[in-house]
Amino acid sequence: MKHRRPTAAPLAKSLLSAALFAAALAAAPGPAAAQTAKFSGAPVRVGEINSYTGLPAFTIPYRQGWQLALEEINAQGGVIGCCELQVVSRDDAGKPDDAVRVAQELVTNEAVDVLAGTYFSHIGLAVADFAARNKMPFVAAEPLTDAITWSKGNRYTFRLRPSTYMQAAMLVEEAAKLPAKRWATVAPNYEYGQSAVAWFKQLLKEKRPDVEFVAEQWPAQGKLEAGPTVQALAAARPDAIFNVTFGADLAKFVREGEGRGLFRGRKVVSLLTGEPEYLEPMKDEAPEGWIVTGYPWEQIDTPAHKAFVAAYTARFKDTPKQGSLVGYITMKAVAAAVTKAKSANAEPIVDALAGLTIDTPVGPVTFRASDHQATMGAYVGTTTVKDGRGTMKDWRYADGANYLPSDEAVRKLRPAE
């Protein structure tokens, strides 16, 4: 069959149409977009994997984000101009072995054409290894470890979110301006936390050779003992702290640190803390004045982003989170790659993903051909409390393209193919 590629509308116009469409669907049970279009070709199937029970604060908005994108894609004619895009979703329970098992099930029993998703870095690496061994395209939505595109990168794996290296580099720009010389770090003791701390230390020392790191705390993910952790950091008498904890661990760290005066007179630089899924639940207990990466969704006034917020709010009767944005863009990227490839076969999709540029609510994003890392950026600013909830102020959008090594440099980091 000869596939005809659909005409692409500008993103803001497309999303405004989606907002009206979502409003009409809001009362309907489940995705109904496929009912609005007739498809002449076989469905293209996406196997989606994530830690829904392990980290619902991020993954439930993420799922809603990709559901919105899926409904929009199918309402506009699907992919390749003829085919419905379908998603078969599985929970990995926050365990790499479970993630690989469900990936195998999706490929073998569900005959999916593309894999997508994952949150935790060690799970993303496990699925990336599976993708390489089985020659299956994999769009890693969230795992931040640099290994997934560099030291353990492979032909079949692409990553959307800005990595630990990229976000550390964004934060180091601000940290280097501080008078602080003595630094302490606290991070979850697995791949993501280890990578984030290593890059922050290296990049800060390159800009400020006078700094020293006087203490490190490595709590197990999800099991932070806030009292001893805060006490150990305070005992080191740092001038500033680099924090990588998130979720429930972050809330405990903030509460205990405030109560014991750990943050008094000290600047905190913190990865992901400005994301609403972590900041908003703390309400008026959210920290003030931390330098963070995050997502001030309510303050971004570009037409494309405002249209995304309108569509998402109409569909789910809730405000978007960082996960919502990631899920939405992930599914849009999969659809764009399949349509560009004009095929549901693995090799053409992989070829299409390399160098693919898509319009998103935060601007154009390109998956670099050299290392398969997307140029999606992050918002950098400071935390504050407004109207009884945590948010960001004095923020800027840091374009991911400006925080990546050259193509020549990353080729030396990736295994030979």
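Residues numbered from 1 in each chain as written. Predicted model: local features only at pLDDT ≥ 70, side-chain atom pairs only at ≥ 80, totals over all residues. Heavy atoms only, no water.

## Topic: the sheet that holds strand β14 (residues 389–398)
The strands making up a sheet are joined through hydrogen bonds of the backbone, oriented either antiparallel or parallel. Strand order in the open sheet formed by 7 strands is β7-β6-β8-β9-β10-β13-β14, and the pairing between neighbours is mixed. The outermost strands of the open sheet, each flanked by one partner alone, are β7 (212–217) and β14. With direction set aside, neighbouring strand axes in the sheet form an average angle of 25 degrees. (Pairing = 2+ DSSP bridges. Helix = DSSP H or I, 4+ residues; strand = E, 2+ residues; numbered from the N terminus. Axes fitted to C-alpha atoms, helices over the stretch in contact; angles between N-to-C directions.)

## Concerning the packing of aromatic side chains
This model, assessed by the stated rule, comprises 23 aromatic pairs. Here the aromatic rings of Phe-308 and Tyr-312 are separated by 6.1 Å at their centres, their planes lie at 40 degrees, and the arrangement is tilted. Taken together, the positions of Phe-308 and Tyr-312, both in helix α10 (residues 303–316) and 4 residues apart, correspond to about one turn of that helix. Taking relative accessible area as the criterion, Tyr-312 reaches 0% and is therefore assigned buried. Put simply, the rings of Phe-58, Tyr-119, Phe-120, Tyr-190, Tyr-192, Phe-246 and Tyr-278 pair up and form one aromatic cluster. Lying across the ring of Tyr-52, Arg-63 places its NZ or CZ 4.7 Å from the centre. (Phe/Tyr/Trp six-rings, centres within 6.5 Å; stacked < 30°, edge-to-face > 60°. Buried < 20%, exposed > 50% of the residue type's maximum accessible area, 1.4 Å probe, protein only. Lys NZ or Arg CZ within 6 Å of the ring centre and 35° of its normal.)

## Quick word on helix α6 (residues 191–207)
Look at α6: 24 Å from first C-alpha to last across 17 residues, which is about the 24 Å you get at 1.5 Å a residue. The complete set of buried residues in α6 reads Tyr-192, Gly-193, Ser-195, Ala-196, Val-197, Phe-200, Leu-203 and Leu-204. Tucked inside the fold, the buried residues of α6 contact α4 (121–134), α5 (164–175), β6 (182–186), β7, β8 (240–243) and β9 (267–274). (Expected span 1.5 Å × (residues − 1). Contact = heavy atoms within 4.5 Å.)

## What about unusual backbone geometry?
A positive phi angle, near 55 degrees, is found at Lys-317, a position not held by glycine. Mapped onto the secondary structure, Lys-317 falls in the loop between α10 and α11 (322–341). In this structure, Asp-394 takes a positive phi of about 50 degrees despite not being glycine. One can find Asp-394 in strand β14. Under the relative-accessibility criterion, Asp-394 is labelled exposed at 64%.

## Some thoughts on the sheet that holds strand β1 (residues 44–50)
Taken in spatial order, the 5 strands make up an open sheet running β2-β1-β3-β4-β5, and their pairing is parallel. Both outer strands of the open sheet, β2 (85–91) and β5 (157–159), are each paired with one neighbouring strand and no more. Neighbour-to-neighbour, the strand axes of this sheet turn through a mean angle of 20 degrees, independent of strand direction. Pairing of β1 with β2 involves 7 bridges; the strand directions are parallel. Residue pairing across strands places Gly-47 opposite Val-88, the latter belonging to β2. Packed onto the sheet, helix α2 (residues 56–75) meets β1, β2 and β3 (114–117) and runs at close to 165 degrees relative to β2.

## Topic: the packing of α11 against helix α12 (residues 346–353)
Packed helices, taken two at a time, are described by the angle between their axes plus the distance between the axes. In contact at an axis separation of 8 Å, α11 and α12 are set at 110 degrees when each is read in the N-to-C sense. Classed by the angle they form, the pair α11 and α12 counts as roughly perpendicular. Classified by chirality, the crossing of α12 by α11 is right-handed. In contact with Ala-333, Ala-337, Val-338, Lys-340 and Ala-341 of α11, α12 contributes Pro-348, Ile-349, Ala-352 and Leu-353. Broken down by class, the residue content of the contact of α11 with α12 amounts to 8 nonpolar, no polar and 1 charged. (Parallel < 35°, antiparallel > 145°, perpendicular 65-115°, else oblique. Left-handed = near helix turned anticlockwise from the far one by under 90°. Nonpolar A, V, L, I, M, F, W, Y, C, P; charged D, E, K, R; others polar.)

## Topic: the pattern of salt bridges
Counted under the stated rule, the structure contains 24 salt bridges. With a closest N to O distance of 3.2 Å, Arg-255 and Glu-285 form a salt bridge. On the criterion of sequence distance, the pair formed by Arg-255 in helix α8 (residues 247–259) and Glu-285 in the loop between α9 (276–279) and β10 (291–294) is long-range, its members being 30 residues apart. By relative accessible area, Arg-255 is classed as partly exposed at 46%. Among the ionic contacts, a cluster of salt bridges with common partners joins Arg-45, Arg-90, Glu-105 and Glu-110. (Salt bridge = Lys/Arg side-chain N within 4 Å of Asp/Glu carboxyl O.)

## Section: the pairing of β9
The buried fraction of β9 amounts to 7 of the 8 residues, a majority that puts the element mostly inside the structure. Direction of pairing for β8 relative to β9: parallel, over a ladder of 4 bridges. Paired with Asn-243 across the bridge in β9 is Ser-270. Each parallel crossover has a hand, and for β8 linked through α8 to β9 it is right-handed. Sheet topology note: the β9/β10 ladder contains 3 bridges and is parallel. From the neighbouring strand, Gly-274 faces β10, where its bridge partner is Gly-294. (Right-handed = clockwise from strand over helix to strand, strands pointing away.)

These values are about where atoms sit, not about what they do.
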